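What follows is the residue order along each chain.
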Amino acid sequence: MYVSEIMTKDPKAVGPNTSLLDVASMMNLYRLPALPVVDEHNKLIGNISEKDILKNLLPSMEDIVDGSVNTQLDSMISNYSKQMRIVTSSVMAKNPISAKEDMHILKATALMTSHNFRRLPVTDNMNQLIGVMSLGDVHKAIFHSHISAKQHSPENSLSNETYFGSLPLN
């Protein structure tokens, strides 16, 4: 099974000059934890995550250890509005890792998990963004493929309860 079979096509993406306010709005509206960043030719140039947006608001480990952070937490949150005025390119992850559409899903999944990603941009041979694949997409595809194959095999006469106990399939 290949990435092109399970990826979300025509994914939401932002440009390097998109304000973080617009990025955060898209993330919240579409419930996306990250967005690919593309140039004017739809070439993948970065990735921006909720973590990238929020990391400037987080206290440093030094402040946590010495205890000085406790009095500053609310003021740190108030800096969020200032943060929203900057553009994506100033906080995005550059040199993004991506999968190719003809990559096997398990190879792409290994790439995702080795970098602790839950989503991975998919690019064509020109590095243009054509999709996004998530761990959920992989799990769903394998689940459906495995269960479908088991239910339709002639030698398998097991009922649905064998696979799912008392959970209904419909």
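Look above for the structure.
The notes below deal with the structure included here. This one's a predicted model, so the numbers in the text were calculated from it and none came from an experiment.

## Observations concerning the overall build of the protein
Moving on, step 1. Helices and strands together make up the secondary structure of the protein, namely nine helices and seven strands.
Moving on, step 2. Relative to its 170 residues, the protein shows a buried fraction of 35%.
Moving on, step 3. Excluding contacts between residues fewer than 6 apart, the proportion of contacts in the protein whose partners are at least 24 apart in sequence is 55%.
Moving on, step 4. Entry remark: accessible area of the protein is about 10900 Å², with carbon and sulfur atoms responsible for 54%.

## Some remarks on unusual backbone geometry
Moving on, step 1. For asparagine 95, which is not glycine, the phi torsion reads 55° and is therefore positive.
Moving on, step 2. A relative accessible area of 71% places asparagine 95 in the exposed class.
Moving on, step 3. Of note in this structure, asparagine 127 is not a glycine but carries a positive phi near 65°.
Moving on, step 4. Given the relative accessible area of 24%, asparagine 127 is considered partly exposed.

## Focus: the sheet that holds strand E2 (residues 34–38)
Moving on, step 1. Taken in spatial order, the three strands of this open sheet run E2-E3-E4, and their pairing is antiparallel. In this open sheet, the two strands that pair with only one neighbour each are E2 and strand E4 (93–94).
Moving on, step 2. As defined by bridge partners, E2 adjoins strand E3 (residues 44–49) across five bridges and the pair is classed as antiparallel. Its bridge partner lying in E3, leucine 35 is registered against isoleucine 48.

## Quick notes on the nonpolar core
Moving on, step 1. If you look at the biggest cluster of nonpolar residues, it comprises 14 residues, and the most contacted ones within it are Val14, Leu20, Val23, Met27, Leu35, Ile48 and Ile53.
Moving on, step 2. Among the elements of the structure, helix H2 (20–30) and E2 are those that each provide at least two residues to this core.
Moving on, step 3. Discounting chain neighbours no more than four positions away, the residues touching leucine 20 are Ile48, Ile53, Gln83, Met84, Ile86, Val87, Thr88 and Val91.
Moving on, step 4. One finds Ile105, Ala108, Leu120 and Val138 within the second-largest nonpolar core, a separate group that totals 13 residues.

Conventions and cut-offs
Residues numbered from 1 in each chain as written. Predicted model: local features only at pLDDT ≥ 70, side-chain atom pairs only at ≥ 80, totals over all residues. Heavy atoms only, no water. Helix = DSSP H or I, 4+ residues; strand = E, 2+ residues; numbered from the N terminus. Buried < 20%, exposed > 50% of the residue type's maximum accessible area, 1.4 Å probe, protein only. Contact = heavy atoms within 4.5 Å. Areas by Shrake-Rupley, 256 points an atom, 1.4 Å probe, with all protein chains shown as cover. Pairing = 2+ DSSP bridges. Core = buried A, V, L, I, M, F, W, Y, C linked by side-chain atoms within 4.5 Å.

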